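# Commentary on secondary and tertiary structure
What follows is each chain in one-letter form.
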Amino acid sequence: MPGKVDIVPLNIRLTAEIISKPCRLGRLSPQEALLDLDRIVCPLQVRFRQSGDRFYPLGSPGSKKLQDFFIDARIPRGERQYVPLVVSNREIVWVVGYRIAEPFKLRPKTNRMLRLQRCTLQEASA
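The structure reproduced in this document is the subject of the present report. (Residues numbered from 1 in each chain as written. Predicted model: local features only at pLDDT ≥ 70, side-chain atom pairs only at ≥ 80, totals over all residues. Heavy atoms only, no water.)

Moving on: the packing of aromatic side chains. Evaluated as defined, the whole model comprises two aromatic pairs. Summarising the aromatic geometry, the rings of F55 and F69 are spaced 5.0 Å apart at their centres and angled 75 degrees between planes, so their arrangement reads as edge-to-face. On the criterion of sequence distance, the pair formed by F55 in strand β5 (residues 54–55) and F69 in helix α1 (residues 66–72) is long-range, its members being 14 residues apart. We note that F55, like F69, is buried. An angle of 50 degrees between the planes, with centres 6.3 Å apart, marks the rings of F69 and F70 as tilted. The burial state of F69 is the same as that of F70; both residues are buried. Following the ring pairs from residue to residue traces out a cluster consisting of F55, F69 and F70. (Phe/Tyr/Trp six-rings, centres within 6.5 Å; stacked < 30°, edge-to-face > 60°. Helix = DSSP H or I, 4+ residues; strand = E, 2+ residues; numbered from the N terminus. Buried < 20%, exposed > 50% of the residue type's maximum accessible area, 1.4 Å probe, protein only.)

Laid out in structure tokens, this is it:
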């Protein structure tokens, strides 16, 4: 990090940048995530769902099966296999476009942030 990864079959690019000091934050787009960099184990990986995946959604009292998260988020069954996941040390940190994981949220003691963004390949080359 910083860096980028293109997922050509889905026509998307994920970018990562390190922000050294937390700044005033407005409302974020679902296409971006701000994470506490000190809680992340590098390198990050981007992959798709696997059998048995669990996720601890932001604001949830605990972890749940990723499948149950998809159902609760009303993600159509045919789209679920195409939702990228950003993973740190085998733990899902961001269900891209939907929700970050509770353990990686920004806290008052956060010193370094990681900004992840999703855009189309056309937007990235413009």
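Before going further, it helps to examine the side chain of R13. Structurally, R13 can be placed in strand β2 (residues 12–19). A polar contact of 2.5 Å, which involves the side chain of R13, links it to the side chain of D6. (Polar contact = N/O pair within 3.5 Å; in protein donor to acceptor, adjacent residues only side chain to side chain.)

Here we take up the sheet that holds strand β1 (residues 3–7). With antiparallel pairing, the four strands of this open sheet are ordered in space as β1-β2-β10-β3. Of all strands in the sheet, those bounded by a partner on one side alone are β1 and β3 (32–36). With strand direction ignored, the average angle separating the axes of adjacent strands in the sheet is 15 degrees. (Pairing = 2+ DSSP bridges. Axes fitted to C-alpha atoms, helices over the stretch in contact; angles between N-to-C directions.)

To continue, consider the sheet that holds strand β9 (residues 99–100). An order of β4-β7-β8-β9 is seen for the four strands of this open sheet, with the pairing classed as antiparallel. Every other strand in the sheet has two partners, leaving β4 (44–47) and β9 as the edge strands with one partner each. Here β4 runs beside strand β7 (residues 85–88); their pairing, made up of four bridges, is antiparallel. The residue bridging Q45 from the neighbouring strand is V87, located in β7.

With that settled, consider the pairing of β2. Alignment of β1 against β2, held across five bridges, turns out to be antiparallel. Note that in β2 the partner of K4 across the bridge is T15. Hairpin connection between β1 and β2: a loop of four residues separates the two successive antiparallel strands, and N11 in this loop has a positive phi of roughly 60 degrees. Taken together, the eight bridges between β2 and strand β10 (residues 113–120) define a ladder with antiparallel strand orientation. Residue L14 lies in a different strand from β10, and its bridge partner there is R118.

Looking now at the side chain of D36. Position of D36 relative to the elements: it lies in strand β3. At 3.1 Å, the side chain of D36 and the side chain of T110 are in polar contact. Non-local contacts of D36, meaning those with residues more than four positions away in its chain, are made with F104, K105, L106, T110 and R112. (Contact = heavy atoms within 4.5 Å.)

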